[in-house]
Amino acid sequence: MIADPLSQLVMLGSSGMLLTALIVLWRKGIPAYVTAYRWQSWLLAAITATVGYYGHDPQLYWVAAVLLALKGIAIPALLATMQRRFGAEREATPYVNTETSLAIAGALVLFAYVIARPWMTITTLPTRQGLPLALALLFVSLLIVVSRKKAMTQVIGFLMLENAIALLAAVGTYGVPLLVEFGVFLDALMGFLVMQIFVYHIHETFDTIDVEELTRLRH
Amino acid sequence: MPSGNLGLVVMVLGYGAGAGLSLLAPSDRAARVLTAIGAAIGCIGGLIAASSVLVTRVPVDATFGSLVSAAGGVAIHLDPLGAFFLLLVALVGLPAAVYGVTYTSEYEGRHSLRLFGLMFNGFLLGMSLVPCAANIFTFLFAWELMAITSYFLVMTESQYAETRYAGLWYAVMTHFGFLVLLPMFLIMAPGSGATAFADLRTHAALMSGSAKSVVFLLAMVAFGSKAGLVPLHVWLPRAHPAAPSHVSALMSGVMIKLGVYGVLRVVVDFLGAGPAWWGGLVLAAGSISALSGVLYALTENDLKRLLAYSSVENVGVIFLGIGAGLVLQSYGLHTLALVGFGAALLHTLNHAFFKALLFLATGNVLHEAHTRNMERMGGLIKGMPQTAALFLIGSAAAAALPPLNGFASEWMVFQALLSGVQIPQPDVAIGAPLAIGVLALTSGLAAACFVKAFGISFLAMPRSEEAARARESHWSSRAVMGVLAAGCVGLGLAAPRIFDGLFRIAGSLFAAGSSASPPAVGRLWLAAPNGVAQVSPLLIAVAAALAIGVPVALLRWRGLQWRRADTWGCGRIQQTARMEYTSSAFAEPLRRVFSELYRPTEDLTINVHPDSRYFIRSITYTSAVVPWIERAFYDPVARGMRACATQVRRLQGGSVHLYLLYLSGALMAALVAAWWFR
């Protein structure tokens, strides 16, 4: 059915990215989350490079390189540092348990396919098969952010959300200009740094990185 | 460069220099002086520009299209109506600026006079630009500049909770007005690119009657809240007392008049008057403002609040003139309508003079007596005779006594209203006499109010140590007040000439206006065409001078001498300040007559001796007027807002996850909506 290699590669990469997000819902240890994020970022870089290769857009190689450096290496390294500090705190009792989370994730993927259908019919890009998967990744990342209690998990959920947006941009527009991509990078980096500080402060104040404790701040 | 343009350049540069230099001033004293110098140069520039337009009748135009081009650029068009209001700013701004030099000296070290200078000059610049604006952006920019800078000026003495409260009211009301201005301009603008006032004027001619009426109502709310029409006046009696006195003079004398300008510009100039009910509504608003303004002024013990309420009253009188003009115009009585608009303009000018004079005189009183409460004043005439005399002139003008200026304009408003009786329509035949009755009652009550303001504050014996020690203020402040007082007298005596000019300005608002000739009754007489009466302030002045001067001269000639002696002491051995008529006591009869309106709360506590109830130790009596008009309008609004806020607050669960869920839910809902309505 899908003949050209670009479609197949994009589909494969996007599915892999979605799978790494599902790992977060299923595993409970934070080291596994960091690894999942690292894999996801590498897949994102690979997809960007693939689009650049088939689309004859050398700019995208640069984008892929920066993605790899920042999201594939730098942020996972920072996450690993944080994990060494707070890693002992496992995501023991999330708001939604693992089985239900996976069921909801399945429903969200279906929802993403429904939502993306009108979009799929009007676009003729060879990468369009990745669109519903990117949307699904976005929804699953939101699910992670909403349903998990530890600040570390939420930071990773946010980073995956950012990856989902980057993927959506890459497959939806056939490669984003370097300038736009840089803007998004900086946003994500700043967001990450701010959140990192927050996590440290939450830990300092409450002796845990359980975000539920923040409810106590309301008078 | 024509003198009009030159004047505008000098004006902007003057205010700009005043704002910038006072900010950079090396000392507080330098800041005070630089503030005044900049403002004075700016005012002189405004004076040149305005008078050149008024004399030559050639409008000044200037456009700076590249300045904020996205919003349509800055466009200036100064026509006679705008020039009149620019003149008003300059005429009151100049004395206020000079007065401020000594008045603000007491702020040294306590408040930043540099920021004060910036705001003061910005305020004057904003007020000067409003009547010059020729497109929506320029107008709104100037309007907002005026609003924000005046907010900061009101907040000068922000250490008092009362001031902060007043500032909050002011900020809310002024931005409410701004919020209403936007849809008004939106409806009037023909398209996205055409925001010049000329476009609005041509488009207004093509608008449907109902759209015009919506614009009219929005204009009345937006500009009425600036002018202080009841029930949108609530900020006025709070903000005016809180501001420094020379700022109060500017706010009361000029700023609220720009609301009048807005109504004239939009309703008369753009919309070209309209159906009779517009005039009826304006008359009703004017009547309610005039009457309730003066009634609240009467019971007020705070001298500046009294003056602020009196401003509400006078704005009501101005709107009575405008309303009469609108009604007459709708029945095709063009010349008579111009009498109404001209009378409104005349009262605008006159009120600016006497209210500025009164506020500046009150500033002197405040400086000496250290209180705004009239119950703590009294006997000030002995310490500060010149201020007292100037305050008396202002009071007499405010009470509309001939030959002073307040009389001339109120008389012309009467003439305009009386002309309405000629219209053979039942609603007008009922409405016009009602408005006349209200105006007559207002004038009478205003006289009582200013008898109280002057008598309680300045006459009899001092009620406090500070009042007893009061001394005359710096000569410069008395000099500028003298100029304003001379203006009150001069404007009164020259009223027929000035009214001629204002009649022409009102006529310039109509395309057919050039054909209407002013009521040519000579330079001596004030009268409406076909009017039933005419009066000459100049002859009244001469007659009054003769009536007093001739007997005095005769008595002196007969050899009578001045004699100084005690007044009759009612047989009492000792007179103390506690035996005097107080401010509350003075207003008590009226408080009883209008008790339905005031709904006074009274609290009488008698403390008797424990052994016999016939030995009274103390009696405490407190009485307060309930401002129920305010409550009736604003309490439901405040309650509704609070209820909404309480409901919205439920969203705030305190859990980060809940907020994230809201975000996700909103995203999903947006996507589903996009999918559903594709």
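Residues numbered from 1 in each chain as written. Chains lettered and ligands numbered in written order. Predicted model: local features only at pLDDT ≥ 70, side-chain atom pairs only at ≥ 80, totals over all residues.

A.B. asks: How would you sum up the overall build of chain A? Please name residues and give values.
C.D. replies: Across its full length, chain A carries 7 helices and 0 strands. For chain A, the N- to C-terminal ordering of α and β elements is α-α-α-α-α-α-α. Relative to its 219 residues, chain A shows a buried fraction of 43%. Across chain A, every contact between residues at least 6 apart in sequence was considered, and the portion connecting residues at least 24 apart equals 75%. (Helix = DSSP H or I, 4+ residues; strand = E, 2+ residues; numbered from the N terminus. Buried ≥ 20, exposed ≤ 12 C-beta atoms within 10 Å, placed from the backbone. Contact = placed C-beta atoms within 7 Å.)

A.B. asks: Any chance you could break down the overall build of chain B for me, citing the residues and the numbers?
C.D. replies: Within chain B, the regular secondary structure consists of 25 helices and 4 strands. Against the globule reference of 26 Å for 678 residues, chain B gives a C-alpha radius of gyration of 27 Å, in line with a compact fold. In terms of overall dimensions, chain B has a C-alpha envelope of 95 × 70 × 65 Å along the principal axes. Sorting the 678 residues of chain B into buried and exposed places 51% on the buried side. A sequence separation of at least 24 residues applies to 79% of the contacts in chain B between residues at least 6 apart. (Rg over C-alpha atoms; globule rule 2.2 N^0.38 Å.)

A.B. asks: With reference to specific residues and values, describe the interface of chain B and chain A.
C.D. replies: Much of the literature gives interface size as the accessible area that the parts lose upon coming together. Between chain B and chain A, the contact holds 10 residues from the first and 11 residues from the second. Residue composition of the side of chain B that touches chain A, grouped by class: 5 nonpolar, 4 polar and 1 charged. (Nonpolar A, V, L, I, M, F, W, Y, C, P; charged D, E, K, R; others polar.)

A.B. asks: How would you summarise the confidence of the model for chain A if you had to cite specific residues and measurements?
C.D. replies: Across chain A, the average pLDDT comes to 85, with 97% of residues at or above 70. By mean pLDDT, helix H7 (residues 178-206) of chain A is the weakest element of chain A at 80, and helix H5 (residues 130-147) of chain A is the strongest at 92. (pLDDT = per-residue confidence, 0-100.)

A.B. asks: A description of unusual backbone geometry should follow, citing residues and the corresponding values.
C.D. replies: Of note, the amide linkage connecting Val230(B) to Pro231(B) takes the cis form, showing an omega dihedral of 5°. Considering the arrangement of structural elements, one finds Pro231(B) in the loop between helix H8 (209-227) and helix H9 (236-242). Note that the residue after Pro402(B), namely Pro403(B), is joined by a cis bond; omega there is 5°. Note on placement: Pro403(B) falls in the loop between helix H15 (385-398) and helix H16 (405-419). Although it is not a glycine, His56(A) adopts a positive phi angle of roughly 55°. Along the chain, His56(A) falls in the loop between helix H2 (30-55) and helix H3 (59-86). Of note in this structure, Arg57(B) is not a glycine but carries a positive phi near 60°. The class of Arg57(B) is partly exposed, set by 13 C-beta atoms lying within 10 Å.

A.B. asks: With reference to specific residues and values, describe the domain arrangement of chain B.
C.D. replies: For chain B, the assigned domains are domain 1 (353-557), domain 2 (591-626) and domain 3 (633-676). Computed from C-alpha atoms alone, the centre-to-centre distance between domain 1 of chain B and domain 2 of chain B is 36 Å. (Domains from an automatic or database assignment.)

A.B. asks: Pulling in residues and values, what's your account of the packing of helix H12 (residues 303-330) of chain B against helix H17 (residues 426-458) of chain B?
C.D. replies: All names here are of chain B. The N-to-C vectors of H12 and H17 enclose an angle of 160°; their axes lie 11 Å apart at closest approach. Compared by their axis directions, H12 and H17 come out roughly antiparallel. Here H12 runs over H17; the crossing is left-handed. Listed contacts from H17 to Leu303, Leu306, Ser310, Glu313, Val317, Leu320 and Val327 of H12 are Val428, Ala435, Leu439, Thr442, Ala446, Cys449, Ala453 and Ser457. For the contact of H12 with H17, the class distribution of residues is 11 nonpolar, 3 polar and 1 charged. (Axes fitted to C-alpha atoms, helices over the stretch in contact; angles between N-to-C directions. Parallel < 35°, antiparallel > 145°, perpendicular 65-115°, else oblique. Left-handed = near helix turned anticlockwise from the far one by under 90°.)

A.B. asks: Summarise helix H19 (residues 475-493) of chain B; cite the residues concerned and give the values.
C.D. replies: Residue and element names in this part refer to chain B. With 19 residues, H19 extends 26 Å between its outermost C-alpha atoms, agreeing within 8% with the 27 Å of an ideal straight helix rising 1.5 Å per residue. If you check which residues of H19 are buried, you get Ser477, Arg478, Val480, Met481, Leu484, Ala485, Gly487, Cys488, Leu491, Gly492 and Leu493. Tucked into the core, H19 has its buried residues touching helix H3 (80-103), helix H13 (334-369), H15, H16, helix H20 (495-507) and helix H21 (537-557). (Expected span 1.5 Å × (residues − 1).)

A.B. asks: Describe the nonpolar core, and please don't skip the residues or the numbers.
C.D. replies: Core analysis: the biggest nonpolar cluster contains 218 residues, and Ala219(B) and Leu357(B) have the highest contact counts within it. Of the residues forming this core, the biggest block, 22 residues, is contributed by H13(B). Residues in contact with Leu357(B), not counting those within four places in the same chain, are Leu390(B), Gly394(B), Met481(B), Leu484(B), Ala485(B) and Cys488(B). Within the second largest apolar cluster, 64 residues are counted, among which are Val24(A), Leu131(A), Leu138(A) and Ala166(A). (Core = buried A, V, L, I, M, F, W, Y, C linked by C-beta atoms within 7 Å.)

A.B. asks: Just give me the short version of the pairing of strand S2 (residues 74-78) of chain B, but keep the residues and values in it.
C.D. replies: Residue and element names in this part refer to chain B. Burial of S2 is extensive: 4 of the 5 residues sit out of reach of the surface. Taken together, the 5 bridges between strand S1 (residues 60-64) and S2 define a ladder with antiparallel strand orientation. Each residue of the ladder has a partner; that of Val60, found in S2, is Leu78. (Pairing = 2+ DSSP bridges.)

A.B. asks: Account for the confidence of the model for chain B, naming residues and giving values.
C.D. replies: As a note on interpretation, predicted positions should not be read in detail where pLDDT is low. Residue and element names in this part refer to chain B. This prediction gives chain B a mean pLDDT of 89; 97% of its residues lie at or above 70. By mean pLDDT, the top-scoring element of chain B is H15 (95), and the lowest-scoring one is helix H23 (residues 595-598) (81). For this predicted complex, the interface score ipTM comes out at 0.85, while the overall pTM is 0.80.

A.B. asks: Explain the packing of H13(B) against H20(B) to me, and be specific about the residues and the numbers.
C.D. replies: Residues and elements named next belong to chain B. One can describe the packing of H13 onto H20 by two numbers: an axis separation of 8 Å at closest approach and a directional angle of 120°. Once H13 is placed against H20, the crossing between them reads as right-handed. Where H13 approaches H20, its residues Leu338, Val339, Phe341, Gly342, Leu345 and Leu346 are matched on the opposing element by Ile498, Phe499, Leu502, Phe503, Ile505, Ala506 and Gly507. Counted by class, the contact of H13 with H20 contains 11 nonpolar, 2 polar and no charged residues.

A.B. asks: Quick rundown of helix H22 (residues 583-593) of chain B? Include the residues and the values.
C.D. replies: Residues and elements named next belong to chain B. Listing the buried residues of H22 in full gives Ser583, Phe586, Ala587 and Arg591. For H22, the angular spread of the buried residues around the axis is 135°, confining them to a single face. Residues Pro589, Arg592 and Val593 are exposed on H22 and point more than 90 degrees away from its buried face. Tucked into the core, H22 has its buried residues touching helix H11 (276-299), H17 and H23. (Arc of directions from axis to C-beta.)

A.B. asks: Help me get a handle on the pairing of strand S4 (residues 616-624) of chain B, residues and values and all.
C.D. replies: Residues and elements named next belong to chain B. Of all the 9 residues making up S4, 0 are buried; the element is thus mostly uncovered. In the sheet, strand S3 (residues 601-608) pairs with S4 via 8 bridges, with the strands oriented antiparallel. The residue bridging Thr601 from the neighbouring strand is Ala624, located in S4.

A.B. asks: Any chance you could break down the environment of Gly490(B) for me, citing the residues and the numbers?
C.D. replies: Residues and elements named next belong to chain B. Structurally, the position occupied by Gly490 is in helix H19. Of the residues examined, Gly490 has 14 C-beta atoms within 10 Å and is grouped as partly exposed. Each C-alpha atom, one on Gly490 and one on Ser618, is 51 Å from the other, the two residues being 128 residues apart in sequence.

A.B. asks: Let's hear about the environment of Thr202(B): which residues, and what values?
C.D. replies: Residues and elements named next belong to chain B. With respect to the element layout, Thr202 can be found in helix H7 (residues 197-206). The exposure class of Thr202 is partly exposed, given the 13 C-beta atoms found within 10 Å. Taking the C-alpha atoms as reference, Thr202 lies 9.8 Å from Ala189; in sequence the two are 13 residues apart.

A.B. asks: Run through the environment of Met579(B), naming residues and quoting values.
C.D. replies: Its location among the elements puts Met579(B) in the loop between H21 and H22. The sequence separation of Met579(B) and Met461(B) amounts to 118 residues, and the corresponding C-alpha distance is 9.5 Å.

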